[in-house]
Amino acid sequence: AIRYSGKVSPWEVYRAENKKGAVLERITHSTTDQFEAYDWHSPKVISYKASDGETVYARVFQPDANVKNDAAVIFVHGAGYLQNAHNYWSSYHREFMFHNLLRDNGYTVMDIDFRASEGYGRDHRTAIYRHMGGKDLSDQVDGRQLLIDSLGIDPNRIGMYGGSYGGFITLMALLTEPGKFKCGAAIRSVTDWFHYNHEYTSNILNYPSSDPDAYKKSSPIYYADNLLDRLLMLHGMVDDNVQFQDVVRLSQRFIELGKDNWEMAIFPVEAHGFQKTSSWADEYRRIYTLFYQELSQPKM
């Protein structure tokens, strides 16, 4: 028995005789008629050269020419050490469906296996040593340039979103590369690595007592004054991974700096991984509204 999936077909169980040339027989059927009735788009896996010459892989959802609106969204996966530019069913199945919705409404979507993602070797993994928000962010900026140069995207109509580590990168993009992304939605984001799980962070930034410069250089809260573009932050109040205090502290910093182009959506009963369908629906409705308002039409 084996598990098998594709980019548009979730995992199912198959069986076959243990011999060469055996034919696989599917023995589970997990999808609904409603799911199967939708014309899911199979994203293309591409590669491009980063600014330092390294090869980076990504998934791209391209809209049909008759609906293409010349705007784009870059999605940043979480976990840091994870892979999403592949040919099997994504663990980000909700985001896969959201990207189909965006594509159907004219947006190009790029989903990048940025530096330190899983499966690309030691040098790829260690490229962010002592600087989270360095090479992992520059890979996003290089992806943005590819969208402009090769896919006909308006440079003034590119947004970004992601959760957890992806939310952190979204914050770093808006705060350390101001003007590059028209808007961003940061979900359950780390805003200050000094306050995160040191057993995770110390593998990359060492310890705060021995390498405080690495922590400060890698933490969005220290760049809050650079916010120019519209930011939406979304966070569960009972988050048991990236604690709610992270986004509260950054919000207070924006208030002190007189920033008025940000907003926050709070989910009172949700932890790091949302459980309620209503929370997921509310979250992605807000993110879609942000992209529609900021990216759907050229600003005059």
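### Concerning the pattern of salt bridges
Part 1 of the reasoning: Summed over the entire model, instances satisfying the criterion amount to 19 salt bridges.
Part 2 of the reasoning: Close ionic contact of Lys135 with Asp52 constitutes a salt bridge, the shortest N to O distance being 3.2 Å. Of this pair, Lys135 sits in helix H4 (residues 135–150) while Asp52 is found in the loop between strand S4 (44–49) and strand S5 (55–61), placing the two residues 83 residues apart along the sequence.
Part 3 of the reasoning: Overall, the relative accessible area of 31% leaves Lys135 in the partly exposed class.
Part 4 of the reasoning: On the accessibility criterion, Asp52 (34% relative accessible area) is partly exposed.
Part 5 of the reasoning: The salt bridge involving Arg115 is made with Asp139; its shortest N-O contact spans 2.8 Å.

### Some points on the packing of aromatic side chains
Part 1 of the reasoning: Evaluated as defined, the whole model comprises 29 aromatic pairs.
Part 2 of the reasoning: Ring centres of Tyr161 and Tyr284 lie 6.2 Å apart, and the angle between their planes is 85°; on these two criteria the pair is classed as edge-to-face. Of the two residues, Tyr161 sits in strand S8 (residues 158–163) while Tyr284 sits in helix H9 (residues 277–295), which places them 123 residues apart along the sequence.
Part 3 of the reasoning: Each member of the aromatic cluster is reached from another via a ring pair, and the members are Phe75, Tyr92, Phe98, Tyr161, Phe267, Phe274, Trp280, Tyr284 and Phe291.
Part 4 of the reasoning: One residue, Arg3, lies across the ring of Trp11, its end atom 4.3 Å from the ring centre.
Part 5 of the reasoning: Here the guanidinium or amino end of Arg94 rests over the ring plane of Trp280, the centre of that ring lying 4.1 Å away.

The rules we used
- Residues numbered from 1 in each chain as written.
- Predicted model: local features only at pLDDT ≥ 70, side-chain atom pairs only at ≥ 80, totals over all residues.
- Heavy atoms only, no water.
- Salt bridge = Lys/Arg side-chain N within 4 Å of Asp/Glu carboxyl O.
- Helix = DSSP H or I, 4+ residues; strand = E, 2+ residues; numbered from the N terminus.
- Buried < 20%, exposed > 50% of the residue type's maximum accessible area, 1.4 Å probe, protein only.
- Phe/Tyr/Trp six-rings, centres within 6.5 Å; stacked < 30°, edge-to-face > 60°.
- Lys NZ or Arg CZ within 6 Å of the ring centre and 35° of its normal.

On their own, these measurements won't tell you what the molecule is for.
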